[in-house]
Amino acid sequence: MLYGRDAETAALADRLAAAREGRGSALVVRGEAGIGKSSLVAALAESAADLTVLRCTGVESEHAWSFAGLQALLLPLTGHLEAIPEHHACVLARVLGLAAEPEKEAPPGDLRFTVGLAALSLLTEASGQRPVLCIVEDAHWLDPDSADVLLFIAKRLAAEAALMIVTVREGYAPDFPAPGLDELRLGPLDDDAAAALLTDRIGAHASADRGRLLHEAEGNPLALLELPLVESDARLAADWTGRRSTTSRLKQVFGDRIDRLPEPTRTLLLVIAADDSADTGLVFDVAGKLGAQLTDLEPAEADELVHFHGDRFTFGHPLIRSAAYQGAPLFRRIEVHNVYAEVMDPDDLRRVFHLAAAATGPDEEIAAALEASAECGSSCGGHGFEYTVFERAAAFTPDPHTRGRRLLRAAEAAVAAGNGPKARTLSGQIGRFTEDRKILARATLMAAMVAAWDNDIRESYRLYMEAADHYVAADITSTGYPLFRAVELAWQSGDFSRAEVAAEYAERLGIDHAPWVRDLANASAGLNRSCEVTVAEAVASLRHLIDVHTSFGEAVTPENRGMVAWWQTLIGDIDAAEQTASGTVSAARTSGAAGALPRALTLNALTEFHRGRWKDAEALAWNGVELSVELGQRIGPVKARAHVLAPIAALRGDEERVRDLVEAAYAGSPGDTVVAIDNALALLDFSLGRNEEALDRLMGHLDGNAPGEVLALVPVAVEAAVRTGEPERVAGAFDWFTQWAEASGQPHLMAQVERCLGLLAGESEAGVHYERAAELHKMDDAFPFENARTDLILGEWLRRARRVNEAKTRLRTAAAVFERLGAEPWSERVRRELRAAGDAGPIEAAPDLATKLTPQELQVVRLAAAGLSNREIGEQLFLSPRTAGYHLYKAYPKLGVASRNDLSRLGL
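Note that the coordinates shown come from a computational prediction; the quantities given were computed from them, not determined experimentally. What you see as residue numbers is a count from 1 along each chain, following the sequence as written. Selection of residues for local features in this predicted model requires a pLDDT of at least 70, selection of side-chain atom pairs for listing and counting requires 80 or more, and totals for whole chains, interfaces and linings are taken over all residues. Each side-chain value is worked out from all heavy atoms of the structure, with water and hydrogens disregarded.

Draft legend 1. Spatial organisation of the packing of aromatic side chains. We call Phe, Tyr and Trp rings a pair once their centres come within 6.5 Å, taking the six-membered ring for Trp, and we label the pair stacked below 30 degrees between planes, edge-to-face above 60, and tilted otherwise. As enumerated under the stated definition, the model contains 15 aromatic pairs in all. One aromatic cluster in this structure is built from Phe 609, Trp 614, Phe 686, Phe 785, Phe 818 and Trp 826. Note on criteria: charge over ring means Lys NZ or Arg CZ within 6 Å of the ring centre, with the direction from the centre no more than 35 degrees off the ring normal. Between Arg 156 and the ring centre of Phe 152, over which it is positioned, the NZ or CZ distance is 3.8 Å. Stacked on the ring of Tyr 325, the Lys or Arg Arg 333 has its end atom at 5.2 Å from the ring centre.

Printed below as a string of structure tokens:
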């Protein structure tokens, strides 16, 4: 019976009922040791007799073993492997240890997504036949690869007949962060519930003792159950009232109960605790060599310390395992691990971990065996396993140089796993053990990449330059990459002199890629008003880099394709940028290159924003934010919010939303996105008619050392300056913008130049420029918002010129666009002009079906309209086929269609 947990039990029951109806969810239950997490989920499992119940428990000894937790959870579902796509079945067969001959290479792409999607596919298939309850206990001890995959699944259960409950010991290291998942924190029992539980445990008892027991247990259920047993031992009773944590005191209680057991029973408990293998035959072989057998388990079972059922040993509480292992003398633990290594098959990958556990100092034989284990395991496991084992191999390595090499392998695996903090720590240790410049170069590259992930732009630049120095001494042909990246980082930080330093360094070295480094440095300088390089030279340099990279075709990585899309945006070629960015998104999703996806999604969103597809831009940007959070990329959410989401909200006049997005971007370490954030705030001021504030904010960047990111906002500054009567303030900035527009040769940019010329000209000459701008817009009508701004200004001028009918036509054309985009301040501005022109009629805007859909629904519908099946949509968006179908089902009535066959007629 559970005391004092009625609300929690009811909440779990509601989730279970929803799962039975196909509305899945996941919940993380946190609390200190003994607070009742296991009892709560055990009660839930008892009420789920009609479900398939899957279980796994994180075990300290398996924390470094790749996919150990996932194997325990999913092995009961292997009968469904034949029903899922073949490539998913192959991936799972490999990671679950079912493949007879694992391939000698890891699955493509980011494993948390490759394996996660395959595991979700298996769970979806199983839940389609019978609802599933997944119970993951002590998740803080899960191996990193299993933790990544289970978190991936937990966030994608909305349309599945499945419930996942994850328990985590609070205030314990390692932690189990689960951003985006619902959490339930179990606190102490209230006084009434604690008293009822104590009465159930001890029955009648002296009132004074009851009061003391209740006070000392502090509402912890396990303490209430164990404290009465402590009363007979004065030493334990005294120790319990000390200042130690409840966890350590409970562990002491269990340790003392174990100490009272017969020697063979203690030995058997130690053998079980030392390896959580499901191979009970192996456990009995080891125990037999140490003088213990199955019958020796009886005293421990009678004391409810351990149970043997279903051919598996289960401790009554995770702390009992810790007490059985850590409470044994060191020499005895070493003996147990040595016997394990002795009886295990030489090819068993686990054998080397027992050898390592038995070692008392550096040992090259063990280190080499661990390295081989990491090499072998990474071919069918995950990068989390790889970096953990390589780090452990390094710890056992007596030779400093070899230790440095193994630490490098660990750091590179940590980067591949997306674990920046671990990669940084490992990279920082390497220089203490080796002077090999090639190893130091690679280590410094890892540290530079992690610094960039954390948006520490200046530190990343410094590290790339340091890596280049190492390569000069070790392999000068490899120097180009770190120098090219150094220029990119200098550009992002706005320190163009440092970009020039890197370019000059490349030229002095005479390396093959020096022209590329120079081109990037020239581009960074030319798109900055304070440098001597002209805008035309900058655009020419970017065009050359674009041509070089696109000439490589499919050989260009998704990461570098994203860089090309950004360059195309900087030269104003939004059409090409949209094609490159959308192609990059598709390629990254197809190949599983999840790490490149957030940047590609944000760039794709930016192109959609420019082209007036704001709903699509928001959908892509939010997808990028969510993936960045899953991948642990701090810069991704900042970029998406600052460059896409905040500007859209600003043009819609949603001040509260803009402030929220800007605040979130600042909190995410904005670094080089400060300019983008200020741009969004300037757009908000301008949209709401606060022209002075908008102008001041923009001129803070346009005066002097103006970065290229503010170029696109120069027409806003010009209009704000004209409306405040200060056109002279923007003369230099407008000249800079004009040079950029002319160099780019893009009609949509030249149209904005003409519009600005009209604003700056006298009233009599303005109309010529406005009409020329409108004609240029006709040459490229893919920029509806800018077209509408021109129509608005031209309409205003026509009304003042008393050409009222022409004015109404222009104003109504602009109004239809603003209405469709939801740009309310702009719509209101048009309505005022129309009323002044004597037209107070309603504004009719072409329906935008995209606005009726959620971001997820919009992405699913677009892919379905392109002919993709639910399974293909799921693989593109990292969803289950059922979830893709669920979003389509919700979208059909919003779009007024009955099936996917009707989608192609909607022009989506």
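That was the structure; now back to the text.
Draft legend 2. Representation of the nonpolar core in the model. One finds Ile 153 and Met 164 to be the most contacted residues of the largest nonpolar core, which totals 210 residues. For helices the rule is a DSSP run of H or I covering at least 4 residues; for strands it is a run of E covering at least 2, with both sets numbered from the N terminus onward. Of the residues forming this core, the biggest block, 11 residues, is contributed by helix α32 (residues 635–651). Here, residues are in contact when the closest pair of their heavy atoms is within 4.5 Å. Setting aside residues up to four positions removed in sequence, Met 164 forms contacts with Ser 25, Ala 26, Leu 27, Cys 134, Val 136, Leu 150, Ile 153, Ala 154 and Leu 157. With 45 residues, the next largest nonpolar core counts Leu 227, Leu 250, Leu 268 and Val 271 among its residues. Residues belong to one nonpolar core when they are buried, are Ala, Val, Leu, Ile, Met, Phe, Trp, Tyr or Cys, and are joined through side-chain atoms within 4.5 Å. A 1.4 Å probe rolled over the protein chains alone gives each residue an accessible area, and that area as a share of the maximum for its type sets the label: buried under 20%, exposed over 50%, partly exposed in between.

Draft legend 3. Representation of a negative patch on the surface in the model. A surface patch of negative charge is lined by Asp 654, Glu 656, Asp 660 and Glu 663. Within the fold, Asp 654 resides in the loop between α32 and α33 (655–667). Patches were defined on residues exceeding 30% relative accessible area and lacking a salt bridge, with like-charge contacts within 9 Å and nonpolar side-chain contacts (Val, Leu, Ile, Met, Phe, Trp, Tyr) within 5 Å. In these tables, accessible area is a Shrake-Rupley quantity obtained with a 1.4 Å probe, and a residue counts as shielded only by the protein chains included in the view. For this analysis, a salt bridge means a side-chain nitrogen from Lys or Arg found within 4 Å of a carboxyl oxygen belonging to Asp or Glu. In this tally Asp and Glu are treated as negative and Lys and Arg as positive; neither His nor the chain ends contributes. Where a charge lies is defined by one atom per residue type, namely NZ (Lys), CZ (Arg), CG (Asp) and CD (Glu).

Draft legend 4. Local environment of helix α35 (residues 691–702). In this analysis, the expected span of each helix is defined as 1.5 Å times one less than the number of residues it contains. For α35, which comprises 12 residues, the first-to-last C-alpha distance of 16 Å matches the rise-based estimate of 16 Å (1.5 Å per residue) to within 8%. Three or more residues of α35 are buried, namely Asn 691, Ala 694, Leu 695, Leu 698, Met 699, His 701 and Leu 702. Each buried residue of α35 sits inside an arc of 155° when the element is viewed along its axis, so together they form one side. More than 90 degrees from the buried face of α35, the exposed residues found are Glu 692 and Gly 700. By definition, the arc is the one covered by directions from the helix axis to the C-beta atoms.

Draft legend 5. How the structure looks around the packing of helix α40 (residues 784–800) against helix α42 (residues 824–836). Helix axes are fitted to C-alpha atoms over the stretch in contact, other axes to C-alpha atoms as well, and angles between N-to-C directions run from 0 to 180 degrees. The interhelical angle for the contact between α40 and α42, taken along N-to-C directions, is 25°, at an axis separation of 11 Å. The pairing of α40 with α42 is recorded here as roughly parallel in orientation. Relative to α42, α40 is oriented so that their crossing is left-handed. Contact with α40, carried on its side by Phe 785, Arg 789, Leu 792, Ile 793, Glu 796 and Arg 799, involves Trp 826, Arg 829, Val 830, Glu 833 and Ala 836 of α42 and no other residues of that element. By residue class, the composition of the contact of α40 with α42 is 6 nonpolar, no polar and 5 charged. Here is the rule for angles: anything less than 35 degrees is roughly parallel, anything more than 145 is roughly antiparallel, 65 through 115 is roughly perpendicular, and the remaining ranges are oblique. Crossing handedness: left-handed means the near helix sits turned counterclockwise from the far one by under a right angle, and right-handed means the same turn made clockwise. Amino acids outside the nonpolar list (Ala, Val, Leu, Ile, Met, Phe, Trp, Tyr, Cys, Pro) and the charged list (Asp, Glu, Lys, Arg) are all regarded as polar, and Gly is one of them.

Draft legend 6. Spotlight on the sheet that holds strand β4 (residues 162–169). We call two strands paired when DSSP finds no fewer than two bridges between them. With respect to topology, 5 strands assemble into an open sheet ordered β2-β3-β4-β1-β5, the strand pairing being parallel. The sheet is open, and its two borders are formed by β2 (52–57) and β5 (182–185), each paired with just one other strand. Taking the axes of each pair of neighbouring strands and ignoring which way they run, one obtains an average angle of 20° across the sheet. Strand direction decides the pairing type here: strand β1 (residues 25–31) and β5, joined by 4 bridges, are parallel. Paired with Val 28 across the strands is Glu 183, a residue of β5. Together, β1, β2, β3 (132–137) and β4 form the strand contacts of helix α6 (residues 144–154), whose direction differs from that of β4 by roughly 135°.

Draft legend 7. A look at the pattern of salt bridges. In the structure shown here, the tally under the stated rule is 62 salt bridges. In this structure, Arg 729 and Asp 696 form a salt bridge, with 3.0 Å as the shortest nitrogen-oxygen distance. Residue Arg 729 is found in the loop between α36 (714–723) and α37 (731–744), and its partner Asp 696 is found in helix α35; the two are separated by 33 residues along the sequence. For Arg 729, a relative accessible area of 27% corresponds to the partly exposed category. A salt bridge links Glu 819 to Arg 831; its shortest N-O distance comes to 3.0 Å. Residue Glu 819 is found in helix α41 (residues 804–821), and its partner Arg 831 is found in helix α42; the two are separated by 12 residues along the sequence. Look at Glu 819 and you get partly exposed, because its relative accessible area is 30%. When its relative accessible area of 21% is taken as the criterion, Arg 831 is described as partly exposed. Each of Glu 719, Arg 723, Arg 755, Glu 786, Arg 789, Glu 796 and Arg 829 takes part in salt bridges that share partners, so that together they form one network.

Draft legend 8. Quick peek at the environment of Asp 192. Residue placement: Asp 192 occurs in helix α7 (residues 191–202). Residue Asp 192 is classed as exposed on the basis of its relative accessible area of 65%. Along the primary structure Asp 192 and Arg 659 are separated by 467 residues, whereas in three dimensions their C-alpha atoms are 46 Å apart.

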